[in-house]
Amino acid sequence: MPNEDNFVSDSQIDNQIQDVWDTSKIRPTLWTKEQVIEFQKKNSWLSSKNGKLGCNNCIQAKNSINFQKSNIDSKVRISSEWVGFVIVAAGCNRTNQLASLRNKIKQHSESKAHVLAENILKKSSDKVLDKMFERISEVEIDSNTRLFRTVYCLAKIHRPFKQFEELIQLQQINGLDMGSSLHSRITATRMVNVIAKEMRKRLILRLIQSNSKFTIMIDESTTLSTKCTLILYISSYFDVESPVVAFLDLIELDRQDAETIEKSIWLSLECNGISTSFALNNCIAFASDGASVMTGKKVGVATKLREKIPNLFTWHCLCHRLELSVYDSRKTTLMRAQSEINRTIRILESLKAEPGEKEKEIIEAIQKGIHKGVNITMTKSVDMCCVTEKRLSLTILILHTVQNKILLSVVNIFPNSET
């Protein structure tokens, strides 16, 4: 059947035929202008050269690879006459010649070779390869989407990536297409990095679009290979109701001085999409541990940041303060107090066993409050109110217990003393 998509308009045909009519004898001489237009409309593949007819579709499909594949057994043969433009009218008068051309055109349009050529050209115009690649791409995208969702689930619930392959096998048993690659735990790690990078990019974009204020939180660490690193967090509302603390970057430091750390902070913000001008206008606080390189009054990181952001609020991390307080309390109080209590009781018992000249002085010291000599000190961190009310109440209870224990021991050793 003729391909209707290849039809041209009447005006285009008229222009083409008029040029042929006036300048050459390309059309068959026995056709009128109207007949040329009629045959061209009904058979878009029809062409002519030097007054002889030919077939454009057969010419295009003759050397096509698709035609050769479709004609493996060579049962279909394209007419060499129609390809070589040698079709002419037969007959002794014009009526017979017109009928002859009409029959030849009809027979060729219905021949197997011509129909096959038209189908091949139609398929090539439909961009079969493009559609096939699109279908393949859709299948690959669907399987990769399932893989990424599986990896994200493992990362979110803090499960090891060793379970990634097991979950893929489970989903394949359930009938899902999980693809044939990207199933290793190493690939899962790379997928998580891609997801994290994209989530971080969207988070920063939301921060900038909402023009929200944010806080910088940093802390130093050292890897097993003794490399100095800096972990960087930002805290902001990100256009939501409650503040969100988000990991931003892990920076490897060449040196651990304040100047290097400050430059690394600005460079990391810039690399993650937070421009220097935006940070200067929207950064309102800085939090770190109490190391001198961070909170030093002259050359600390906080001081250098305040030089660029005068209204910056700096804060010694409360968690670090509490850790220091607990550490100092464990190191300097209860164990030493117990030792002093036992030592005092032993001295009093020895005085009772062998009373001497200083017995009277000891009794007078007890009456004045010997328990005050027990060295139970509160650390500087406790004075800074870094312990909770519960811990402070526990400390007071321990002091009263120590006092009562010493006084009870004195009463038992010296029953006649006035305590």
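## Considering the overall build of the chain
Scanning the chain for helices and strands turns up 19 helices and seven strands. For the chain, the residues scored as buried account for 32% of the 419 residues in total. Long-range contacts, defined here as pairs at least 24 residues apart, represent 61% of the contacts in the chain between residues at least 6 apart. A total accessible area of about 27900 Å² is found for the chain, and carbon and sulfur atoms account for 53% of it.

## Focus: the sheet that holds strand S7 (residues 313–316)
The strands making up a sheet associate through hydrogen bonds between their backbones, and the pairing can be parallel or antiparallel. The sheet built from five strands is open, its strands ordered S5-S4-S3-S6-S7 with mixed pairing. Edge strands, defined here as strands with exactly one partner in the open sheet, are strand S5 (244–252) and S7. For this sheet, the mean angle separating the axes of adjacent strands, direction not counted, is 20°. Two strands pair when backbone bridges link them, and strand S3 (residues 214–222) and strand S4 (residues 228–236) are joined in this way by nine bridges, in the antiparallel orientation. Of the residues in S4, the one forming a bridge with Asp219 is Ile231. Across the sheet, helix H10 (residues 185–210) lies against S3, S4 and S5, angled at about 120° from S5, the strand it touches most. Set on the sheet, helix H11 (residues 258–271) makes contact with S3, S4, S5 and strand S6 (283–288); between it and S3 the angle comes to about 125°.

## Side note on the packing of H11 against helix H14 (residues 301–308)
At a minimum axis distance of 9 Å, the contact between H11 and H14 shows a crossing angle of 55°. In terms of axis orientation, H11 runs oblique to H14. Helix-helix and strand crossings are classified by hand; for H11 and H14 the assignment is right-handed. Within the contact between the two elements, H11 uses Ala258, Glu259, Ile261, Glu262, Ile265 and Trp266 and H14 uses Val301, Lys304, Leu305 and Lys308. Its residues assigned to classes, the contact of H11 with H14 shows six nonpolar, no polar and four charged.

## Focus: the pattern of salt bridges
For the structure on display, the rule yields four salt bridges. Put simply, Asp257 and Arg255 hold a salt bridge, and the shortest N to O gap is 3.4 Å. Judged by its relative accessible area of 53%, Arg255 falls in the exposed class. Salt-bridge contacts for Glu262 lead to Lys308; the nearest nitrogen and oxygen are separated by 3.3 Å. Here Lys308 lies in helix H14 and Glu262 lies in helix H11, a separation of 46 residues in the sequence. Residue classification places Lys308 among the partly exposed residues on the basis of a relative accessible area of 46%.

## Re the packing of aromatic side chains
Tallying each qualifying case throughout the model produces four aromatic pairs. When the ring of Trp45 is compared with that of Trp82, the centres are 5.6 Å apart and the planes differ by 70°; the resulting orientation is edge-to-face. Separated by 37 residues along the polypeptide, Trp45 in the loop between helix H2 (33–42) and strand S1 (46–49) and Trp82 in helix H5 (residues 80–83) bring together distant segments of the chain. A relative accessible area of 1% places Trp45 in the buried class. Where Phe214 meets Phe278, the ring centres are 6.3 Å apart and the plane angle is 5°; that geometry is what we call stacked. Of this pair, Phe214 sits in strand S3 while Phe278 is found in helix H12 (residues 276–282), placing the two residues 64 residues apart along the sequence. The lysine or arginine in question, Arg321, covers the ring of Trp315, its NZ or CZ lying 4.9 Å from the ring centre.

## Side note on the side chain of Thr303
Note that Thr303 resides in helix H14. From its side chain, Thr303 meets the backbone oxygen of Gly296 in a polar contact 2.6 Å long. When sequence neighbours within four positions are dropped, the list of residues in contact with Thr303 reads Gly296, Lys297 and Lys298.

## Topic: the state of the cysteines
Overall, the coordinates contain zero disulfides when judged by the stated rule. Sulfur of Cys55: no disulfide; nearest cysteine sulfur belongs to Cys58 and is 3.4 Å away. Taking the relative accessible area as the measure of exposure, Cys55 reaches 0% and is therefore buried.

## As for the environment of His108
By secondary structure assignment, the location of His108 is in helix H6 (residues 94–109). Judged by relative accessible area, His108 falls into the buried class, the value being 6%. Once the C-alpha coordinates of His108 and Ser79 are considered, the two residues, 29 residues apart in sequence, prove to be 8.6 Å apart. What His108 contacts, discounting residues up to four positions off in sequence, is Trp45, Cys55, Cys58, Trp82 and His114. Reaching out from His108, the side chain makes a polar contact with the side chain of His114 at a distance of 3.3 Å.

Rules used throughout
- Residues numbered from 1 in each chain as written.
- Predicted model: local features only at pLDDT ≥ 70, side-chain atom pairs only at ≥ 80, totals over all residues.
- Heavy atoms only, no water.
- Helix = DSSP H or I, 4+ residues; strand = E, 2+ residues; numbered from the N terminus.
- Buried < 20%, exposed > 50% of the residue type's maximum accessible area, 1.4 Å probe, protein only.
- Contact = heavy atoms within 4.5 Å.
- Areas by Shrake-Rupley, 256 points an atom, 1.4 Å probe, with all protein chains shown as cover.
- Pairing = 2+ DSSP bridges.
- Axes fitted to C-alpha atoms, helices over the stretch in contact; angles between N-to-C directions.
- Parallel < 35°, antiparallel > 145°, perpendicular 65-115°, else oblique.
- Left-handed = near helix turned anticlockwise from the far one by under 90°.
- Nonpolar A, V, L, I, M, F, W, Y, C, P; charged D, E, K, R; others polar.
- Salt bridge = Lys/Arg side-chain N within 4 Å of Asp/Glu carboxyl O.
- Phe/Tyr/Trp six-rings, centres within 6.5 Å; stacked < 30°, edge-to-face > 60°.
- Lys NZ or Arg CZ within 6 Å of the ring centre and 35° of its normal.
- Polar contact = N/O pair within 3.5 Å; in protein donor to acceptor, adjacent residues only side chain to side chain.
- Disulfide = S-S within 2.5 Å.

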